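# What the coordinates show
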Amino acid sequence: MHTSTLRNRWHELAPWLDLSDGSLYAIAAYLHEQSTSEALAALARSRSYPRHIRSQLHTRGLADFFADRPAGAEAPSRMTLAHLGSLGHLLSTSDTSLSITVMINALAFLPIYIAAEPELLTWVFAQIQAGKFGAMLLTEIASGSNILGGQTWAESGALDEHGAFVGSAEQQTEASEDRTLSHFRMVGQKDLINGGSEHELLVVFVRTRQREVREEEPSPLSVRGDFSFLLVERDTTVSSPYRWHTLPAPGANIASVAFDGTIVPRGRCVGRVGSGFALAQKALAISRGMIGSLAAGLSHRAVSLTTAYAQERALYGAPILALGAISDHLMRMQALDLLITAAALRANAMLNVRGSDASHYGVVAKYACCVLLEQLVDQGRYLWGSRALLLDHPYHQIIGDALLLSAFDGTTHLVLDQIQWRLAQIASMKTREQPAWPPLVGAIYRTPPRHLLESVRATAGALLIHPGAYLRQLGAQPGALSLTPLLAVIDELLVLTRHCRALGIWDGDQGLRFEFGKLFAFLETLIALVELADPQRREQLGMGDLDRDGDIGVLATFTYAWFGSQQVAALETLCARLGHTPAEAVAEARGTFGQQMTAARDEIRRDHRLLTQGYP
Amino acid sequence: MSIASQVKQRLAQVCALSPAQITDDARLIEYGLDSLRSMELIVELEEHFAIALDDEAIVHVRTVADLIRLIEQQRSA
């Protein structure tokens, strides 16, 4: 049974989305229809692409989320990260195959949004408004997540008087760009491409310069300039030799795409020749935040299904929700849902204003939302028992889908590498030189959804908020959730980071750095919870009231204390491993979180309505 | 502040080091500059100095001194 509506945690916590958006309601209503649910289930069983559903979404205004209408059109633009986040969340509450089929358009078109010339942008918008979908072609099986190892090659040249391609001896670079070289010819293959054999507009990351093998050490700065993005329409030279049928999200089209001498006009190069790697990094910086919205939608679906089951399934004469262990699982699921939603919304807000300069918050959202989603799904699996193992049970599909999300837009190791890098940067900052963070963060949350082209083209330098300085400043005013224990953990983590770097054990131990990165990502997630779920902090940061029918205050308190106590434990484990004695404040934080968790848990167990509201 | 000091400051920031740890004759890879960090460094330097670093010239930059020299050349061009 389809359980999603637009009244859910995402919209309760969102700082600025106007729920009166007609297209979101129209799409939600369509997804809510019994016939749509049945059609999606049938597509999953037959592992078929949702072509008919895609066209139905198009008639309900889907294209407006990815493309402006021609000048003079009356419909308001929905091309904002806020709308895309809400769309991704909504689709994910319904079906993962559908959500990734649609939302891959966001990643695919990002290089175009960032860097395409007006003529190409106008053409692409017209194609999207005509119902075409995009695919992003980055990966090659041999090179995996190392996109710089890709071998798909685009030779520069021109067409002769017979229309035949003639290659050039000169390689194209930005400096030597020769406008008489009017075309590229592509050869190669990309793999594991979402929409690979179905989507019409292929945005291909391709090598446009081959380097000679040099004997001397290459410059670490030399990665720039070797790759470009080309926008390719399918023709007879483009084929899909293979579709993966054994992945989760069975209705999604994940396929290889091969190019056999595909001719591409120069005008279809996105941005400057050689700008591909920089564009890829900017696009992924934004899309990783969007993964958070998909995770939040799937999280909501899992919790809704499980909450309904816990109320309906009777054992020993009462719903199983009355059983202590069951309510504990559900409590943790709802806590994790709250954390996932908060982290995804925080990233969305940061990216809305600062674009790829807020990449840290997108990466944190991708890591934390995907990992916490897996934990959430596990909690549900304990509750469902053997039912979750049934292949045609809706919860079984959720288990597989949850694992798939973490594979998109960067491996776990890749994102942890970025997070630990940012932690090291923050730990090296001088706290006395920090700006006033609360007004800046408040301004970010209060900024209305910006047009996507404005967001993704923003350049103001990397946004990196010092969490210790920020929480100290924020804590000058009271809140429902005390910042003292969280600040103690953050302070100690920064001390420990500096300690490891000073001892010279940081650089040589990737596993250790990743443990630090994990903890840091989860602490950032707690900050998101404080900002978005604490009514007093929302007021302090200038956001609107929580849009809620019920009271998530007790759940928020439980979430903060339960998850906070886990981070204290993780920190203490790291300290013990490194022979470091943490400050007394850390032990006090352990005590504070423990007491708060127990009190909140007891209150929820006394009133199970606190577990059933918010998940219709 | 000299161009050299400004370059070292930005390099230190990207690599999470103090400027005092950056020496002219050090190879950039010694500071852990990988493809992602190097992209951020290039963007930082281009925006700070309002220049567009030449792709062909960048290929030959291996040390901190190489980088400073390149920035000085592009600034004076």
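Per chain, residues are indexed from 1 in the order of the written sequence. To label them, take the chains in the order written and letter them from A, then take the ligands in the order written and number them from 1. Only residues with pLDDT of 70 or above have their local features reported here, since the model is predicted, and side-chain atom pairs are shown and tallied only from 80 upward, although totals for entire chains, interfaces and linings are computed over all residues. By convention in this description, side-chain values take in all heavy atoms of the structure and omit both hydrogens and water.

## Details of the overall build of chain B
Inclusion rule: Secondary structure is summarised from DSSP: a helix means a run of H or I of at least four residues, a strand means a run of E of at least two, and numbering begins at the N terminus for each. The buried label applies to any residue whose accessible area, calculated with a 1.4 Å probe on protein chains only, is under 20% of its type's maximum; exposed applies above 50%, and partly exposed to all values in between. The contact criterion used is simple: two residues touch if any of their non-hydrogen atoms lie within 4.5 Å. Method for areas: the Shrake-Rupley scheme with a 1.4 Å probe, in which residue coverage is limited to the protein chains shown. Note that His is not counted, nor are the chain ends; the positive residues are Lys and Arg, and the negative ones are Asp and Glu. A charge is said to be at NZ when it belongs to Lys, at CZ for Arg, at CG for Asp and at CD for Glu.
Along chain B, the regular secondary structure elements total 4 helices and 0 strands. Each helix and strand of chain B, ordered N terminal to C terminal, gives the series α-α-α-α. For chain B, with 77 residues in total, the buried portion stands at 53%. The long-range share in chain B, meaning contacts at least 24 apart out of those at least 6 apart in sequence, stands at 53%. For chain B, the accessible area works out to roughly 3500 Å², and carbon and sulfur atoms hold 49% of it. For chain B, the centre of its 7 positive side-chain charges and the centre of its 13 negative side-chain charges are spaced 5 Å apart.

## Focus: the interface of chain A and chain B
Rules: Joining two parts hides part of their accessible area as seen by a 1.4 Å probe, and the buried area is that hidden amount summed over both. Within this document, salt bridges are pairs made up of a side-chain nitrogen of Lys or Arg and a carboxyl oxygen of Asp or Glu, the two lying within 4 Å of each other. Polar contacts, as counted here, are pairs of nitrogen or oxygen atoms within 3.5 Å of one another; within protein the pair requires one atom able to donate a hydrogen and one able to accept it, and residues that are adjacent in sequence qualify only if both atoms are side-chain atoms. Residue polarity is assigned by list, with Asp, Glu, Lys and Arg as charged and Ala, Val, Leu, Ile, Met, Phe, Trp, Tyr, Cys and Pro as nonpolar; anything else, Gly included, falls into the polar class.
Listed per partner, the contact involves 32 residues of chain A and 31 residues of chain B. Interface area for chain A against chain B, summed over the two sides, is near 2600 Å², with a carbon-plus-sulfur share of 55%. Our enumeration of links across chain A and chain B arrives at 2 salt bridges. Its salt-bridge partner being R422 of chain A, residue E40 of chain B comes within 2.8 Å of it at the nearest N-O pair. Where chain A packs against chain B, one counts 5 residue pairs in polar contact (both at pLDDT 80 or more). Here the residues of the side of chain A that touches chain B are counted per class, giving 11 nonpolar, 11 polar and 10 charged.

## Some words on the packing of helix 10 (residues 359-384) of chain A against helix 12 (residues 412-427) of chain A
All names here are of chain A. Defined as follows: Interaxial angle, 0 to 180 degrees, is taken between N-to-C directions of lines fitted to C-alpha atoms, where a helix line uses only the stretch in contact. If an angle is under 35 degrees, it is roughly parallel; if it is over 145, roughly antiparallel; if it lies from 65 to 115, roughly perpendicular; otherwise it is oblique. Crossings are assigned a handedness: left-handed for a near helix turned anticlockwise from the far helix by less than a right angle, right-handed for a clockwise turn.
One way to put it is that helix 10 packs onto helix 12 with a least axis distance of 10 Å and a crossing angle of 135°. By the criterion of interaxial angle, the relationship of helix 10 to helix 12 is oblique. The chirality of how helix 10 crosses helix 12 is left-handed. Across the interface between the two elements, S359, H360, V363, V364, K366 and Y367 of helix 10 pack against T412, V415, L416, Q418, I419 and R422 of helix 12. Considering only residue class, the contact of helix 10 with helix 12 consists of 6 nonpolar, 4 polar and 2 charged.

## Observations regarding the packing of aromatic side chains
The relation between two aromatic rings is expressed through the spacing of the ring centres and the mutual angle of the planes. Residue and element names in this part refer to chain A. Note the cut-off: Under the pairing criterion, centres of Phe, Tyr and Trp rings, with the six-membered ring standing for Trp, must be within 6.5 Å; the plane angle then separates stacked pairs below 30 degrees from edge-to-face pairs above 60, leaving the rest tilted.
Overall, the coordinates contain 13 aromatic pairs over all chains when judged by the stated rule. Seen from their ring centres, F109 and Y113 are 6.3 Å apart, and the 55° between their planes marks the pair as tilted. Taken as a pair, F109 and Y113 lie in helix 6 (residues 96-115) at a separation of 4 residues, close to a single helical turn. On the basis of relative accessible area, F109 is assigned to the buried category, the value being 0%. Here F205 and F227 contribute two aromatic rings whose centre-to-centre distance is 4.7 Å and whose plane-to-plane angle is 5°, an arrangement assigned as stacked.

## A word on the environment of A16 of chain B
Looking at where A16 of chain B falls in the secondary structure, it is placed in the loop between helix 1 (3-14) and helix 2 (35-49). In contact with A16 of chain B, not counting residues within four places along its chain, are A424, Q425, S428 and R501 of chain A.

## Considering the pairing of strand 5 (residues 201-207) of chain A
Looking along a regular strand, one sees side chains alternate from face to face of the sheet. All names here are of chain A. Worth spelling out the cut-off: Whether two strands pair comes down to DSSP finding at least two bridges between them.
Of all the 7 residues making up strand 5, 7 are buried; the element is thus mostly covered by neighbouring parts of the structure. Bridge count between strand 1 (residues 134-137) and strand 5: 4 bridges; the pairing is parallel. Each residue of the ladder has a partner; that of G134, found in strand 5, is L201. With 7 bridges joining them, strand 5 and strand 6 (residues 227-233) adopt antiparallel strand pairing. Following the sheet pairing, V203 is matched in strand 6 by L231.

## Examining the nonpolar core
Selection criterion: Put simply, a nonpolar core is a bunch of buried Ala, Val, Leu, Ile, Met, Phe, Trp, Tyr and Cys residues held in one set by side-chain atoms that sit within 4.5 Å of each other.
Residues F66, L87, V102 and Y113 of chain A are the most contacted members of the largest nonpolar core, which totals 194 residues. When residues of this core are assigned to their parent elements, the largest contribution, 18 residues, is made by helix 9 (residues 324-354) of chain A. Setting aside anything within four residues of it in sequence, one finds V102 of chain A in contact with L57, L62, F66, L87, L91 and F133 of chain A. L221 of chain A together with V7, L45 and F49 of chain B belong to the second largest nonpolar core, which has 28 residues in total.

## A word on the confidence of the model for chain B
Note the threshold: Confidence scores here are pLDDT values: one per residue, from the predictor, ranging 0 to 100.
Summing up the model confidence of chain B, the mean pLDDT is 87 and the portion of residues at 70 or higher is 100%. Among the prediction metrics, the complex's ipTM stands at 0.82, with pTM recorded as 0.93.

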